[in-house]
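Structure at a glance
The lines below spell out each chain.
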Amino acid sequence: MSLSQALQAACDLHSRLPALRAFAPWPSDLEPAALAPAAIPAQQQVAGFALPGTPETQPLIGTLRTAAGQAHWAQTYTEAEVGAHFLQNYGYFELFGPTGHFRSTQLRGYIAYWGAGLRYDWHSHEAEELYVVLGGGAEFLTEESECWLQAGGTRLHGGWQPHAMNTGAEPVLTYVLWRGAGLAGLPLMGGKRTAAA
């Protein structure tokens with residue numbers, strides 16, 4: 001199965017989930033890019049991802065499992081920032097967007113994976129963001145609220161809004177959209193305000 005099929009599955013999910021359609025229209029400027037595969041440990045973990053999704057998210061999970069070896073996997077953070085264990089169990093690839101397998105300047109869509117028992121500490125970015133949990137689950141935190149999301153759940157983050165995430169006994173596989181200013185940017189660790197001592 002190819003990344004083109006993964007893109008089609010993402011498009012199908014977009015048409016089925018109201019939260020995705022409300023966040024942004026499906027991009028109309030997609031162009032294939034010759035992006036070479038790049039492997040990291042998370043690639044194999046996604047290829048073997050066995051947790052069920054919902055009827056809406058399962059088709060995308062299936063295409064990602066079989067196309068994982070074709071993706072250009074990456075990691076945003078350094079070992080000094082997040083630790084070696086985190087890097088052995090985390091990764092993402094940009095399916096479409098400014099530097100993705102399919103180029104778009106309208107919207108960025110990427111696949112991100114975190115293994116079990118990870119703390120994705122406070123970070124922020126300029127672009128607005130919508131998470132969709134494809135399978136597994138995680139605790140999503142902002143300064144205002146925290147919630148546990150399972151397959152099919154969504155979480156919206158505003159531009160530069162600090163947020164964090166923790167996985168529990170299971171990993172989490174997500175589909176993430178970015179829109180607006182900072183579309184090609186990267187998250188920056190930190191950003192959570194702390195109460196005065």
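Details of the structure are given in the entry above.
Residues numbered from 1 in each chain as written. Predicted model: local features only at pLDDT ≥ 70, side-chain atom pairs only at ≥ 80, totals over all residues. Heavy atoms only, no water.

1. A word on the packing of aromatic side chains
Geometry of an aromatic ring pair is reported as the spacing of the ring centres plus the angle between the planes. Scanning all chains against the criterion turns up 13 aromatic pairs. Judged by centre distance (5.1 Å) and plane angle (65°), the ring pair of Trp-26 and Phe-96 falls under edge-to-face. Placement of Trp-26 in the loop between α2 (18-23) and β1 (31-32) and of Phe-96 in strand β2 (residues 90-97) is noted, with a sequence separation of 70 residues between them. Classification of Trp-26 by relative accessible area gives partly exposed; the value is 22%. Ring geometry for Trp-73 versus Phe-93: centroids 4.9 Å apart, planes at 75°, classification edge-to-face. Residue Trp-73 is found in the loop between α4 (58-67) and α5 (79-82), and its partner Phe-93 is found in strand β2; the two are separated by 20 residues along the sequence. (Phe/Tyr/Trp six-rings, centres within 6.5 Å; stacked < 30°, edge-to-face > 60°. Helix = DSSP H or I, 4+ residues; strand = E, 2+ residues; numbered from the N terminus. Buried < 20%, exposed > 50% of the residue type's maximum accessible area, 1.4 Å probe, protein only.)

2. Some words on the nonpolar core
Note on soluble globular proteins: their nonpolar side chains tend to be buried together. In this structure, Leu-60, Leu-64, Leu-95, Leu-134, Leu-173 and Tyr-175 are the most contacted members of the largest nonpolar core, which totals 34 residues. Those elements that provide at least two residues to this core are α1 (3-16), α2, α3 (41-47), α4, β2, β4 (108-114), β6 (128-142) and β10 (172-179). In terms of residues, this core owes the most to one element, α1, which gives 6 residues. Those residues in contact with Leu-64 that sit more than four places away from it in its chain are Ala-6, Val-46, Phe-93, Ile-111, Leu-134 and Leu-173. (Core = buried A, V, L, I, M, F, W, Y, C linked by side-chain atoms within 4.5 Å. Contact = heavy atoms within 4.5 Å.)

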